[in-house]
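Here is what each chain is made of, one letter per residue.
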Amino acid sequence: RVYTNSAVDSVFLGLGIVLDAEGSIIVDSAVLPGLSEVALIFSDGTSLSANVSTNDESTGIAFLKSATTTADGKAVHFTPVALSVSKPVLGQTVVVLSGKSIPRITDGLVTALIPRATGEDSIIDSNVAADFIMGGSPLISTEGVLLGISTSLSRASSQSGFIPASVLVGKDKKSEEPVAAEKRP
């Protein structure tokens, strides 16, 4: 969970997803209006600070760089999510996580793939109730693989829409530029 980094009265902002073992976290950029630092609280109660490192306007995803030790100096182990690089299938069963203070889970189906600009992956639409989905809610396959993330950009296309996780594959978290593919002779 992502909160304002305030010693008094922290405000819940949305959900974050661990992207790699170095502490990169992705969130809906709309939940971070002008913030450069936030607080993260993990499901086991671990609390860390994180800095906003990149904001990708083409997807509505912000990248956070988390501290790697707690305030009392304990090292943190990050378990990254597995990213889907394939397109979801209409009718595919999916799971969505949500919840401000209590984790919540629901299931649904992929109901549409909404086209975006030429060359961009489609928004994944679902039949999950829009009031269940919050900024940063992950869309997960029944195999436990991240299919998408709810962002303001995806919700502008459909209130139950998700930016596909495939947009994260091959992106440099610091520059927003696609990582160059390795050249082969």
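Quick note: structure is the one above.
Here's a quick rundown of the structure. (Residues numbered from 1 in each chain as written. Predicted model: local features only at pLDDT ≥ 70, side-chain atom pairs only at ≥ 80, totals over all residues. Heavy atoms only, no water.)

With that settled, the discussion passes to the sheet that holds strand β7 (residues 61–66). Spatially, the seven strands line up as an open sheet ordered β2-β1-β5-β6-β7-β4-β3, and their pairing is antiparallel. Strand pairing shows two members of the sheet lacking a second neighbour, β2 (12–14) and β3 (16–18), which therefore form its edges. Pairs of neighbouring strands in the sheet enclose a mean axial angle of 40°, with direction left out of account. Of the pairings in the sheet, the one linking strand β4 (residues 24–28) to β7 comprises five bridges and is antiparallel in character. Of the residues in β7, the one forming a bridge with S24 is K65. (Pairing = 2+ DSSP bridges. Helix = DSSP H or I, 4+ residues; strand = E, 2+ residues; numbered from the N terminus. Axes fitted to C-alpha atoms, helices over the stretch in contact; angles between N-to-C directions.)

Turning next to the environment of V128. Considering the arrangement of structural elements, one finds V128 in the loop between β10 (123–126) and β11 (138–141). We classify V128 as buried; its relative accessible area is 3%. When the C-alpha atoms of V128 and T106 are compared, they prove to be 7.6 Å apart, with 22 residues separating the residues in sequence. (Buried < 20%, exposed > 50% of the residue type's maximum accessible area, 1.4 Å probe, protein only.)

With that settled, the discussion passes to the pattern of salt bridges. The final tally for this structure, using the stated rule, is two salt bridges. The closest approach of N and O atoms between D28 and R155, which form a salt bridge, is 2.8 Å. Of the two residues, D28 sits in strand β4 while R155 sits in helix α1 (residues 152–157), which places them 127 residues apart along the sequence. Since its relative accessible area comes to 0%, D28 is described here as buried. With a closest N to O distance of 3.0 Å, R116 and E120 form a salt bridge. (Salt bridge = Lys/Arg side-chain N within 4 Å of Asp/Glu carboxyl O.)

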